[in-house]
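Examining the three-dimensional arrangement
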Amino acid sequence: MSDAPDMGDLVETENPSFQHVLACVFGIQAHESRTYLTLLDSPGSTVAELADELDRDRSNVNRSLTTLMEKGLADRERRLLDPGGYVYQYTATDLPEAKRMLHEALDEWVEQVHASIDAYGTEE
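Calculation criteria
- Residues numbered from 1 in each chain as written.
- Predicted model: local features only at pLDDT ≥ 70, side-chain atom pairs only at ≥ 80, totals over all residues.
- Heavy atoms only, no water.
- UniProt positions renumbered as here; feature names shortened; annotations may be inferred.
- Helix = DSSP H or I, 4+ residues; strand = E, 2+ residues; numbered from the N terminus.
- Contact = heavy atoms within 4.5 Å.
- Phe/Tyr/Trp six-rings, centres within 6.5 Å; stacked < 30°, edge-to-face > 60°.
- Buried < 20%, exposed > 50% of the residue type's maximum accessible area, 1.4 Å probe, protein only.
- Lys NZ or Arg CZ within 6 Å of the ring centre and 35° of its normal.

Things to note about the UniProt feature "domain: Transcription regulator TrmB N-terminal" (unreviewed entry) in the protein
The UniProt feature table records "domain: Transcription regulator TrmB N-terminal" (unreviewed entry) at residues 22–89. What you have in residues 22–89 is 56% helix and 16% strand, and the ends, taken at the C-alpha atoms, are 22 Å apart.

So this is what it looks like as structure tokens:
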């Protein structure tokens, strides 16, 4: 069960922050939008590094990163370690691209709302 905000939450919020808009438009939780913003400031971070920065459990950070990747807001690359093995490094989708995605999603939503308004009373 998700407690992620949605577009209704966005409409009801006066002067929403970028983090709140991000959460509402993409249907992600506040801690996931916070993870995105932290990752934006620290590209190439590992789960362990993000967990320390966010003061959250690694498993929770891992779930947040999975959600962000599913939404197109983060990518990961595997880096080989000198002594052997590997670690995943995560990078946030560039801010201009994330903003473009937000604008596109909001524009689609507004078009749907306008279509609902226009269709009202024309149905029989």
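Continuing now.
With respect to the environment of E77
Summarising the element assignment, E77 is placed in strand β1 (residues 74–80). For the pair E77 and T38, spaced 39 residues apart in sequence, the C-alpha to C-alpha distance is 17 Å. Not counting the four nearest positions on each side in its chain, E77 is found in contact with V87, Y88 and Q89.

Digging into the packing of aromatic side chains
Enumeration over the complete set of coordinates arrives at one aromatic pair. Measuring from ring centre to ring centre gives 5.5 Å for Y86 and Y88, while their planes differ by 75°; the resulting arrangement is edge-to-face. Note on Y88: relative accessible area 27%, which makes it partly exposed. It is R76 that lies over the ring of Y88; its NZ or CZ is 3.8 Å from the centre. Over the ring of Y86 we find R78; its NZ or CZ atom is 4.5 Å from the centre of that ring.

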